[in-house]
Structure formats: C-alpha cells, structure tokens
Amino acid sequence: MSAFKTLQFPTANIPPEGAAYAGEIAFQNLAIDPEDRFAFPSPLHFAFNLMIVNNDVVVTGKLSGVIEVMCDRCTDDAPCEVEVDDVFHRYENVIGDIIDLTEDIREDILLVFPQSFLCSEACRGLCPSCGSNLNREYCTCTATADADPDTPWRQLDSLKLK
Ligand SMILES: [Zn+2]
Ligand SMILES: [Zn+2]
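Just so it is clear, the structure is predicted and the values come from calculations on it, not from any experiment. (Residues numbered from 1 in each chain as written. Chains lettered and ligands numbered in written order. Predicted model: local features only at pLDDT ≥ 70, side-chain atom pairs only at ≥ 80, totals over all residues.)

Chemist: I'd like a rundown of the overall build of the protein, residues and numbers included.
Modeler: When helices and strands are tallied, the protein shows three helices and seven strands. Moving toward the C terminus, one meets the helices and strands of the protein in the order β-β-β-β-β-β-β-α-α-α. Looking at the protein as a whole, 14% of its 162 residues qualify as buried. Within the protein, residue pairs in contact and separated by at least 24 positions form 57% of the contacts whose partners lie at least 6 positions apart. (Helix = DSSP H or I, 4+ residues; strand = E, 2+ residues; numbered from the N terminus. Buried ≥ 20, exposed ≤ 12 C-beta atoms within 10 Å, placed from the backbone. Contact = placed C-beta atoms within 7 Å.)

Here is the structure:
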C-alpha cells in the first residue's frame, strides 16, 4: 500500500460501485504539526470510497491512527488512538477533476483529538512538593504529606511491600 503525500484523488472514470483509495499520510502533510501536547510518531491511515452521485463526488470512509498525547497529570507522553468512522464529504460539480481532501480530512481528524488525556486511569501524577513523577518514583514527601491511610494507593503500596 503506497504512502500518499497528499490527499488528492482523480475523479475521472469512477466506476458505478465507486473507487477505493487507501493508504497513509503523515500528519505534517495535513498541516498538523507537533506542538506542546501532541506528537505524531506514525502516519494517519485512511480508506476512502469515491462515488458519483448525480453531478457530485461523494467521499465516505475511515481514518485511524495513533498519536502521542501529553498526560494531563504526569506530563509524560502516551499513545492515544484517534479514529473517525464516518468520513463523509460531498464535492459538487467536480467530476473529471482532481479533488483535494486535505482540508476536510485535517478538520475531521483534529475534531477527535482529545481535549483531556490521561496516560492511564491510574496515573498518579506529579508530586506537588518535589515534582517527582509518582508513576516511576517514590518520593518521601508524599509518604509524610499523604497521611490518609485509606487511600487506595497506600493500600497498594503496603501490598507491594509484603
Ligand atoms: Zn500520566
Ligand atoms: Zn515529592
């Protein structure tokens, strides 16, 4: 399966059952660049079907990929699946032209980027005192500051120590 550099597809000679285009495209080629919260180690996969409906070209299909998102609690990056199952765009009077889906697909996938994200439900975050990542490190400030013996984490810790 070839890696498309753009999402530009010809619409001439689309058969009645439609024309299928599948492949992958780098997020950068969708003008989606890495920033503080998001990174893109792998491309976005797409599978489209182009059909002629009256004088229009109707594009349906799916997008899927794995992006890296910064955890809101511990600030580590963790993989996050992003998916759009119901891509639907209609382009009027374009039969015979090359249509460019880049802008529309860019918007489709940006819509499913998470607004909030945790690396895991159980993420313990950063110690408010020393800044240690409590998923990886055990700092003494939490041991003294967190005096409640009934928190699940304390119970878990005491289990581990046995
Ligand atoms: Zn986290
Ligand atoms: Zn600490």
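Chemist: Give a detailed account of the nonpolar core, specifying residues and quantitative values.
Modeler: Of all hydrophobic cores here, the largest spans 14 residues; its most connected members are I25, L30, L44, F46, V59, L63 and I105. Those elements giving two or more residues to this core turn out to be β4 (44-53), β5 (56-70) and α1 (102-111). Considering every element that reaches this core, the biggest residue donor is β4, with four residues. Other than its neighbours up to four places away in sequence, L63 contacts L44, H45, F46, E83, V84, V87, I105, D108 and I109. (Core = buried A, V, L, I, M, F, W, Y, C linked by C-beta atoms within 7 Å.)

Chemist: How would you explain the environment of D76 if you had to name every residue and give the values?
Modeler: Mapped onto the secondary structure, D76 falls in the loop between β5 and β6 (77-92). Separated by 43 residues in the primary sequence, D76 and C119 have C-alpha atoms spaced 7.4 Å apart. Excluding its chain neighbours within four sequence positions, the residues that come into contact with D76 are C71, C119 and N133.

Chemist: I'd like a description of the pairing of β4, backed by residues and values.
Modeler: Where strand β2 (residues 19-25) and β4 come together, seven bridges link them in antiparallel fashion. Its bridge partner lying in β4, E24 is registered against H45. Both β4 and β5 contribute to a ladder of nine bridges, which runs antiparallel. By the bridge assignment for β5, M51 is matched with V58. (Pairing = 2+ DSSP bridges.)

Chemist: Requested: an account of the environment of E68, with residues and values cited.
Modeler: Position of E68 among the secondary structure elements: in strand β5. Here E68 falls in the partly exposed class, since 16 other C-beta atoms lie within 10 Å of it. A C-alpha to C-alpha distance of 5.8 Å links E68 and C80, two positions 12 residues apart in sequence. Contact partners of E68, with chain neighbours within four places excluded, come to F38, A39, P41, D77, A78 and P79.

By themselves these figures say nothing about function.
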